[in-house]
Amino acid sequence: MTRYVDTLPTPTHVEPKKLIVLSAPRTGTHGLYLALKKLGFKPYHMAEVLKAGPTAIQLLYDGLDAEIFHQGKPCNHVYIEEPSKADENSKDGRAEFDKWFANYDIIIEMPFFMIQSTVKAYPDAKFLLVERNPEKWAKSFVNTVGRMHTALTSFPMSLFKYFDSFSAGMSNMSRKLLGFYSYGYGLSPEGQRIAEVKRTVPPEQLKVCKLEDGFGWEQVCPYLGVPVPNFDWPSRNTPEEFFEITGPKLKMAFVKGLIGTTSILAPFVAAGIWYVKWGRMLL
């Protein structure tokens, strides 16, 4: 099966990666994304997926489907027609990530779904991991991703989403993630993923922070070698913030679905009205 990443052109320029964030969603990643933008970096985060639309969702879905669920080829697998002519980026699988993240110098959230592929692709990178109490994380995950999934699988969105490829993709991805990470709205195995990160990344390349101990400029800036700014950290990781980001996409999907179903049903309604008014007399 062809992956979407295989259809993308090879970029002419790739930004060197200054940091790879292996943290799970709902561990302060959106605040980190906004903070890094304020510092002048170019981070990739789920917010960029929302901006890009269905193609970015497909890239992420293919990646997590292969690495977590073992369905398809992971992002460190590249088919090389002539192995002797492959460059180093192709051999370690980074060519695929280069296609995906060429214009970004920091990657956030996506690596959590593809830990092994990411570390293999960037063996010399700086890595950051933010831990959170697993029960609090599971509750936060359900209150955000879980609620969004419920909205997308409840009528009328369960029908309307098929008129919007982005929402259909988000529904499929959230279904898989909820089942894997929260065991049907229960305690998540996020702690297992944290252990995997610590086993995989050399300790001298990994900075570990705890969200409950405080996470902000003082933890991030020294690690990146930049001065601590004199303005506030931009976000506090609330569910309300999550829906401010995803809400417009859901509203757009609702409108598309309403228009789509109306356009399909309208001829049948019109035919029914015509039949009631004229059909019995003429037919």
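Because the structure is a prediction, the values reported are computed rather than measured.

Asks: For this particular structure, what's the right way to read the sheet that holds strand β3 (residues 106–108)?
Replies: Strand pairing in a sheet relies on backbone hydrogen bonds, with the paired strands running either antiparallel or parallel. Overall, parallel pairing links the 5 strands, which are arranged β2-β3-β1-β4-β5 in an open sheet. Bordering the open sheet on either side are β2 (43–44) and β5 (206–210), each of which pairs with just one other strand. One ladder, built from 2 bridges, connects strand β1 (residues 19–21) with strand β4 (residues 127–131); its direction is parallel. Bridging from a neighbouring strand, Ile20 pairs with Phe127 of β4. Sheet strands touched by helix α12 (residues 217–224): β1, β4 and β5. Its angle to β5, the strand with the most contacts, is close to 175°.

Asks: Which parts of the structure should I look at to understand unusual backbone geometry?
Replies: Comment: phi is negative for the bulk of residues other than glycine, and the bulk of peptide bonds are trans. The peptide bond linking Phe155 to Pro156 adopts the cis configuration, its omega dihedral lying at 10°. Positioned with a positive phi, Arg26 is a non-glycine residue whose angle comes to about 70°. Among the secondary structure elements, Arg26 is positioned in the loop between β1 and α1 (29–38). If you check the backbone angles, Glu109 has positive phi at about 75° while not being a glycine. In this fold, Glu109 is placed in the loop between β3 and α6 (110–113).

Asks: Can you walk me through a nonpolar patch on the surface in this structure?
Replies: Among the surface-exposed residues, Phe155, Leu159, Tyr162, Phe163, Ile264 and Leu265 lie close enough to one another that they form a single nonpolar patch of about 670 Å² accessible area. By the element assignment, Phe155 lies in the loop between α8 (134–152) and α9 (157–160). Taking relative accessible area as the criterion, Phe155 reaches 70% and is therefore assigned exposed.

Asks: Help me out: how do you make sense of empty space enclosed by the protein in this one?
Replies: Summary: where empty space remains is shown by rolling a probe the size of a single water molecule over the atoms. The tally for this structure, following the rule as stated, stands at 3 cavities of 30 Å³ or more. Counted as a void, the largest cavity has a volume near 300 Å³. Pro25, Met46, Glu109, Val145 and Phe242 are the residues nearest the centre of the largest cavity, which is lined by 22 residues in total. Mapped onto the lining of the largest cavity, the elements with two or more residues apiece are α1, α2 (46–52), α8, α10 (165–181) and α13 (239–282). Residues of the lining of the largest cavity, tallied by class, amount to 13 nonpolar, 6 polar and 3 charged.

Reading the values: rules and limits
Residues numbered from 1 in each chain as written. Predicted model: local features only at pLDDT ≥ 70, side-chain atom pairs only at ≥ 80, totals over all residues. Heavy atoms only, no water. Pairing = 2+ DSSP bridges. Helix = DSSP H or I, 4+ residues; strand = E, 2+ residues; numbered from the N terminus. Contact = heavy atoms within 4.5 Å. Axes fitted to C-alpha atoms, helices over the stretch in contact; angles between N-to-C directions. Patch = residues over 30% accessible without salt bridge, like charges linked within 9 Å, V, L, I, M, F, W, Y side chains within 5 Å. Areas by Shrake-Rupley, 256 points an atom, 1.4 Å probe, with all protein chains shown as cover. Salt bridge = Lys/Arg side-chain N within 4 Å of Asp/Glu carboxyl O. Buried < 20%, exposed > 50% of the residue type's maximum accessible area, 1.4 Å probe, protein only. 1 Å grid on protein atoms, 1.4 Å probe; cavity = no way out; pocket = protein on both sides within 12 Å on 5 of 7 lines; lining within 4 Å. Points joined across faces, edges and corners; volume = space filled by probe spheres on them. Nonpolar A, V, L, I, M, F, W, Y, C, P; charged D, E, K, R; others polar.

Nothing here speaks to function; it is geometry throughout.
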